[in-house]
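Report on the structure
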Amino acid sequence: MKRKIPGGSAAIVLVLISAITALALAAQGPVDRADLAMVNKIRFEGLKHSQVGKLAAYLSDVIGPRPTGSPEIDRANRWTAAKMKEWGLTNVELEPYDNFGVGWALRYVSAHLLKPHYAPLIAISVEWGSSTKGKVAGRPVYVDIKSKADFAKYQGRLKGKIVLYQPLKPVPTQFTPDARRHDDESLKRLAETPIAAAIPPDPDYTRSFLDDLEDFFRAEDVGVLVSSSGARLREYGTVLAGGVRQARDPKRARPLPEIILAAEHYNRVHRIIEEFKEPAEMEVEVRTEFYDKNQRGYNVVGEIPGTDKKDEIVMLGGHIDSWSPGTGAADDAAGCAVSLEAVRILQALKVKPRRTIRVVLWSAEEKGWIGSKTYVENHFGDVTTMTLKPEHAKVAGYFNYDNGSGRIRGIYAQSNSAVVPIFTEWLKPFADLGASQVVMRDTGGSDHGALDYIGIPAFQFIQDPLDYSTRIHHTNMDVFDHLIVEDLMQSAVIMASFIYHAAMREEILPRKPLPYPMKYPVRR
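Owing to the predicted nature of the structure, the values given are computational and were not obtained by experimental measurement.

Quick word on the overall build of the protein
Looking only at helices and strands, one finds 14 helices and 19 strands in the protein. Principal-axis analysis of the C-alpha atoms gives the protein an extent of 100 × 60 × 45 Å. Across the protein, contacts joining residues at least 24 apart in sequence account for 86% of those joining residues at least 6 apart. Put simply, the protein shows about 23,900 Å² of open surface, and 56% of that area lies on carbon and sulfur atoms. Side chains of the protein carry 67 positive and 65 negative charges; the gap between the two charge centres is 2 Å.

Encoded structure:
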């Protein structure tokens, strides 16, 4: 038999439940609901008057590839700084740092098979590779060198030669699409946070057989080295960039002239001279330039000044440097264009943020986050000791865009559970544009890592993969035609909204516990 609660008692119970619920909500803090009136304005400006496509096209099509230290990145720096000033940003500068090293640019590369038949070969130069001594023509030779013991077989035989030094690499036929968008299943997988056992830090690079091989080829005075793009990505004429990161060190011997051929073209030459033992003839020429007078790097910085909380900052950005085979469109003119467009939108709306909004276009990301790591050291602290500078406490958060041009589907919370409900609210107005997912897992591989490693709330967006990892990333196919401008428009609108809300909320974004001190490994 159920006992009925008298009417008056029932009312008291309801009041108590309401009071307890109110206390629980109060304990959680205010709900970060999106400012829908401002979201409407951001969407209208960003979707009806977008400039993001033109920004990305100019950086990639007109300025072209932008290796750090090259005249091209200097032009990109100055052009983006001029855009910031045009839109009324303040404190615009090319902020220098001292530890980059020697700059480099590719000026010409040409490779041809002349015999037993003619064929133009798809070729790029290795990054920071040297020029050939004019045109190098003659019979290509293949060397099968697996250890220092093999050097003797070729000693005195390679002077001035076109030298293939890698084995034939099969190119598998692909039966799945190059490009894809996230679906419910793939987003569900991202929402599951993997737990990994402790991973020891990467060791510093120490001298290896690769250095011995380089020294051997240098001593033999080869004409030009030829390597294969291999099967690291899908091929079909796609060539993946390569090179030695430490080649920018002014104390290091400059790398030898070397071209990387599309795997199919490398394999053709390899089979002709090795399998069929037919005489072949090739012609190769590479022209590059080194820039060692100014060994600084530069990050491009601009601000929308804050009001009552102007000493606190919200940051956004992408990296302005690129590899040389393509034009650095997806990696990362897209991120620079999205970041620039986000601040343009806010300026067009005459937003008066509480916090200062700072956009930073990083250089030397492709050489190991040098621009962002040095910026962190100069402004925020030392990751090796976790000794922090006063500015560290003033950063509300940083938002990065560097996963190609795919539309935003959500955001990685970077193991920061306290931001999940905040970001969930901020994404609600964009569910119709396909963005709703907030996942706890970390993501790395770009400049937000430099800020995250010193305890600043730093985030990267979840983006549709498209064909970024199968065809575009660091290849000769990283060009404007593989960007989806409509996706960049959506991304810029969401970036602008996130930056606005981070600048306007009462408190800075919640932080994780300060990380333990760490050391960045030295790469080859």
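Topic: the pattern of salt bridges
Evaluated as defined, the whole model comprises 37 salt bridges. Note that Glu45 and Arg344 form a salt bridge whose closest N and O atoms lie 2.9 Å from each other. In this pair, Glu45 is assigned in helix α2 (residues 36–48) and Arg344 in helix α9 (residues 329–348), connecting sequence segments 299 residues apart. Just as Glu45 is buried, Arg344 falls in that class too. For the salt bridge of Arg344 with Glu341, the shortest nitrogen-to-oxygen distance reads 2.8 Å. With Arg344 and Glu341 both in helix α9 and three residues apart, this pair spans about one turn of that helix.

Focus: unusual backbone geometry
The omega torsion across Lys115 and Pro116 is 10°, close enough to zero to call that bond cis. Following the sequence through the fold, Pro116 ends up in the loop between β2 (103–115) and β3 (119–120). Here the amide bond leading from Asp331 into Asp332 is cis, since omega sits at 5°, within 30 degrees of zero. Within the fold, Asp332 resides in helix α9. One non-glycine residue, Ala364, lies in positive phi territory at about 60°.

As for the environment of Asp478
As for its position among the elements, Asp478 is in the loop between α13 (468–472) and α14 (485–504). Distance in space between the C-alpha atoms of Asp478 and Asp331 is 7.2 Å, their sequence separation being 147 residues. Of note is the side chain of Asp478, whose polar atom sits 2.6 Å from the backbone nitrogen of Ala330.

A look at the confidence of the model for the protein
Considering every residue of the protein, the mean pLDDT works out to 93; 94% of them sit at 70 or more. When the criterion is pLDDT under 50, residues 1–7 qualifies, and its contacts beyond four places in sequence or with other chains add up to one contact. A low-confidence stretch, residues 10–28 (pLDDT under 50), is modelled with one contact involving residues beyond four sequence positions or located in other chains.

Focus on a negative patch on the surface
On the surface, a cluster of negative charge is contributed by Asp183, Asp184, Glu185 and Glu192. Residue position: Glu192 is located in the loop between α6 (184–191) and α7 (209–220).

Quick word on the nonpolar core
Nonpolar side chains tend toward joint burial in soluble globular proteins. In this structure, Leu346, Phe399, Phe423, Phe461, Met495 and Phe498 are the most contacted members of the largest nonpolar core, which totals 73 residues. Setting aside residues no more than four positions away along its own chain, Met495 makes contact with Leu316, Val338, Ser339, Ala342, Phe399, Asn400, Tyr401 and Phe461. Among the nonpolar cores identified, the runner-up in size contains 21 residues, and Leu113, Val269, Ala280 and Met282 belong to it.

Notes on the layout of surface pockets
Taken as a whole, the largest pocket holds about 1,600 Å³ of empty space. In this structure, the largest pocket is lined by 45 residues; those nearest its centre are Trp369, Tyr453, Met518, Tyr520 and Pro521. Going through the elements one at a time, α10 (370–379), β14 (381–382) and α12 (448–452) are the ones with two or more residues in the lining of the largest pocket. Roughly 730 Å³ of internal volume is contained in the second largest pocket. Surrounding the second largest pocket, 26 residues form its lining, Tyr165, Gly242, Gly243, Val244 and Arg524 being those nearest its centre. Mapped onto the lining of the second largest pocket, the elements with two or more residues apiece are α7, β8 (224–228) and β9 (258–261). Sorting elements by how many residues they give to the lining of the second largest pocket places α7 first, with four residues. Along the lines of polarity and charge, the residues of the lining of the second largest pocket split into 13 nonpolar, six polar and seven charged.

Cut-off values and rules
Residues numbered from 1 in each chain as written. Predicted model: local features only at pLDDT ≥ 70, side-chain atom pairs only at ≥ 80, totals over all residues. Heavy atoms only, no water. Helix = DSSP H or I, 4+ residues; strand = E, 2+ residues; numbered from the N terminus. Contact = heavy atoms within 4.5 Å. Areas by Shrake-Rupley, 256 points an atom, 1.4 Å probe, with all protein chains shown as cover. Lys, Arg positive; Asp, Glu negative; His and termini not counted. Charge placed at Lys NZ, Arg CZ, Asp CG, Glu CD. Salt bridge = Lys/Arg side-chain N within 4 Å of Asp/Glu carboxyl O. Buried < 20%, exposed > 50% of the residue type's maximum accessible area, 1.4 Å probe, protein only. Polar contact = N/O pair within 3.5 Å; in protein donor to acceptor, adjacent residues only side chain to side chain. pLDDT = per-residue confidence, 0-100. Patch = residues over 30% accessible without salt bridge, like charges linked within 9 Å, V, L, I, M, F, W, Y side chains within 5 Å. Core = buried A, V, L, I, M, F, W, Y, C linked by side-chain atoms within 4.5 Å. 1 Å grid on protein atoms, 1.4 Å probe; cavity = no way out; pocket = protein on both sides within 12 Å on 5 of 7 lines; lining within 4 Å. Points joined across faces, edges and corners; volume = space filled by probe spheres on them. Nonpolar A, V, L, I, M, F, W, Y, C, P; charged D, E, K, R; others polar.

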